[in-house]
Amino acid sequence: MSSIGLNEKATGSMSAIEHYKTPSPHSPQRLQSMPMPPSPADLELGVQLAEAGKTAPVWKSIKKEWRIIGCAWVYLFACIGQGFDSGATAITPTMPAFLMQFGAQNPTTHSLYVPSLWLSLWTAFTSAGIAIGALSAGFLLDRFGPRKVMAFGNFWMLASIGLQVASKTRVQLFMGKFFGGVPQGIFMTTAASYISEIASTRLRAPLITMIPMTGLIGVIFSVGLGVRQLLFMDKWHSYGLMFALQWLLPILTLSFLLVTPDSPVYLVKQSRPEDALEAYKKLYGPATEATELRAHLARTQLAVAHELEQSEKIGNPSFLECFRGTDRIRTLTVMGIFIVQQCAGIAFGALTIYFLSIQGLPFSEVFDVSTGFLAIGVFANVVSAFIVEKFGRRRVFVYGSILHMGMLFTIGAMAYVKTSGGGWALSILLNLSISTQQITTGGPGYSLSAEISSIRLRAKTQSLGMISFFVSSWVFQFATPYMYQTAPGSAGLGAKTGFVYGGLTFLCIIWAFFYIPETHKRSFSDIDALYERKVAPRKFSDVKDLHTERDDIA
């Protein structure tokens, strides 16, 4: 395989690319056998564009690739549904109409409440469905491409929402939540894969960090709507309306997909270079010079040619391959990143409104505080996208988690403050912890997971990451209500639950110090080479002069 230095000047890259003009035992022979094979000039320009993209200012990349940002947001828009569902799960148990339909009576206080078992089942099996959806996406993306997979997920979502709307028993609602989780897993995995394949090096991380932000946007809309339906005692003016409004998201997403191009990477893999070139034309605009569009296509063809040659030698990509050779540490790191996010207390924060309401704080004021801090959380996620570009992924993920750990321990300590002021301090800290989690492990985690996974195994690695996220979410969402609730059969920890998550975060920081790499301003080829050379992840940033043997597609 011919070697192209990543730090090589563009004027000197022609000799390296000439190796691909005539296939040799060391060059990707499949490149010339592809339909519409690229010329050396197109490949050289592709190298120049990739090198320029690594150091281009973010604002310049935004100006040039605003269409790509718009296409990415079509996929991100679908992910809002996951947040809306989480918000609905948090606020509907406080609605009188919901409690009369699905609740039980506390034998001591004679008030209505949702049994911990069912609250856990609804939240936990939503996560189980998401894990199944993420797993299925790993198979579906390679075969059908992100556009068809996203459309399929939205049609599934329409049906599962109908099941929730029609539910009259706890079991029926349980089935609606479970089946509704499957497309949510498909959406998140597909969005991460699509963005990583169309965005440039500088925009890849900021766009992928928007995935957790879409969840917060969904929660804000859901909770904001729900609080206005609290006083209604009938289904269709309270929780039924909230469930039904979820239909808007898949309907709008399906409409947007009609004008959104498919991934050029997928189209090249399907031997459809003309369609891939047309997709690049839509992504970069019709005014883009034909030579530049062909250069983008040439880079993609080169990367796919390498992947095809690997497939001929070791077979098609499989989930088992994710745990072989250097891909093992990459896969386990991606899975670990998502588990760290759950250990940071996502399940605790997701039920903030319900938790604070059972602590005796006035619901209307709890809602105002929570909604305000959720808005801050959205802003924090936007800021996070630029923070990781300024300071790097590893620094924010590892050392920022120390700040979040301190927040969790402080929340636990508030259990010993019995004044009304202590209750409000708990409310503020618990809501603020959502923002610190988003900044430290949320946004950077999604960026890292997309960058650490190899080109060949990206879809499957992303699926395994999502599975680990939602399987661990299943565990924590099932266990957390039992931790803090004071109902019979629960631990009654209350705010001391913060100690549990603070301790877990401490252990995660130790793991992250050794296994989280710095991928800032690294192309996919750079990251491949660093792992193949078995450089310790914590020392990636120490490697300054790196030459790889592949061109990437970003």
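Residues numbered from 1 in each chain as written. Predicted model: local features only at pLDDT ≥ 70, side-chain atom pairs only at ≥ 80, totals over all residues. Heavy atoms only, no water.

What follows deals with the nonpolar core. In terms of nonpolar packing, the biggest core is built from 127 residues, with F98, W122, I211, L283, F397 and Y446 touching the most fellow members. A total of 14 residues in this core trace back to one element, the largest contributor, which is helix α5 (residues 66-91). Leaving out residues up to four positions away in the same chain, I211 has contacts with L76, M188, A191, A192 and Y446. (Core = buried A, V, L, I, M, F, W, Y, C linked by side-chain atoms within 4.5 Å. Buried < 20%, exposed > 50% of the residue type's maximum accessible area, 1.4 Å probe, protein only. Helix = DSSP H or I, 4+ residues; strand = E, 2+ residues; numbered from the N terminus. Contact = heavy atoms within 4.5 Å.)

Taking 1.5 Å of rise per residue, the 26 residues of α5 would be expected to cover 38 Å, and the 36 Å separating its terminal C-alpha atoms lies within 8% of that figure. The sharpest bend along α5 measures roughly 30 degrees and falls at V74. With 21 of its 26 residues buried, α5 lies for the most part within the structure. (Expected span 1.5 Å × (residues − 1). Bend = angle between axes of the 7 residues up to and from the residue.)

Between side chains of opposite charge, a pair can form when the charged atoms approach closely. A full pass over the atoms with the stated rule returns twelve salt bridges. For E292, the salt bridge goes to K64, with nearest N and O atoms at 3.0 Å. Linking E292 in helix α15 (residues 290-314) with K64 in helix α4 (residues 58-64), this pair joins segments that are 228 residues apart in sequence. With a relative accessible area of 17%, E292 lands in the buried category. Residue classification places K64 among the partly exposed positions, given a relative accessible area of 40%. In this structure, E197 and R458 form a salt bridge, with 3.8 Å as the shortest nitrogen-oxygen distance. One end of the pair, E197, is in helix α8 (residues 170-198); the other, R458, is in helix α22 (residues 458-484), and 261 residues separate them in sequence. (Salt bridge = Lys/Arg side-chain N within 4 Å of Asp/Glu carboxyl O.)

Packed helix pairs are characterised by how far apart their axes lie and by the angle those axes make with each other. Following both chains from N to C, one finds α5 and helix α10 (residues 210-227) inclined at 45 degrees, their axes separated by 6 Å at the closest point. With respect to α10, the axis of α5 lies oblique. Pair α5 / α10 crosses with right-handed handedness. (Axes fitted to C-alpha atoms, helices over the stretch in contact; angles between N-to-C directions. Parallel < 35°, antiparallel > 145°, perpendicular 65-115°, else oblique. Left-handed = near helix turned anticlockwise from the far one by under 90°.)

The next thing to look at is helix α21 (residues 420-452). Compared with an ideal rise of 1.5 Å per residue, which puts 33 residues at 48 Å, α21 spans 47 Å between its outermost C-alpha atoms and is within 8% of the ideal. Of all the bends in α21, the greatest measures close to 50 degrees and is centred on Q438. For α21, a buried count of 26 out of 33 residues is recorded, marking the element as mostly surrounded by other parts of the structure.

Next up on the list: unusual backbone geometry. Negative phi values dominate among residues other than glycine, just as trans dominates among peptide bonds. Positive phi, normally seen in glycine, also occurs at M36, with a value near 50 degrees. Relative to the helices and strands, M36 is located in the loop between α2 (30-33) and α3 (40-55). Take M36: its relative accessible area is 38%, and that puts it in the partly exposed class.

Here we come to the packing of aromatic side chains. A full pass over the atoms with the stated rule returns 24 aromatic pairs. Here F338 and F469 contribute two aromatic rings whose centre-to-centre distance is 5.7 Å and whose plane-to-plane angle is 75 degrees, an arrangement assigned as edge-to-face. In this pair, F338 sits in helix α16 (residues 326-343) while F469 sits in helix α22, placing the two residues 131 residues apart along the sequence. The pair formed by F338 and F469 is uniform in burial state, with each residue classed as buried. Here a set of aromatic residues connected by ring pairs shows up, and it is made of F98, F102, W118, W122, Y239 and F243. Over the aromatic face of F513 sits the side chain of R394, whose NZ or CZ is 5.1 Å from the ring centroid. Against the face of F319 rests K460, its NZ or CZ located 5.6 Å from the ring centre. (Phe/Tyr/Trp six-rings, centres within 6.5 Å; stacked < 30°, edge-to-face > 60°. Lys NZ or Arg CZ within 6 Å of the ring centre and 35° of its normal.)

Below, the discussion takes up the side chain of T505. With respect to the helices, strands and loops of the structure, T505 is situated in helix α23 (residues 497-515). Apart from residues no more than four positions distant in its own chain, T505 is found in contact with C343, A344, S401, H404, M405 and L408.

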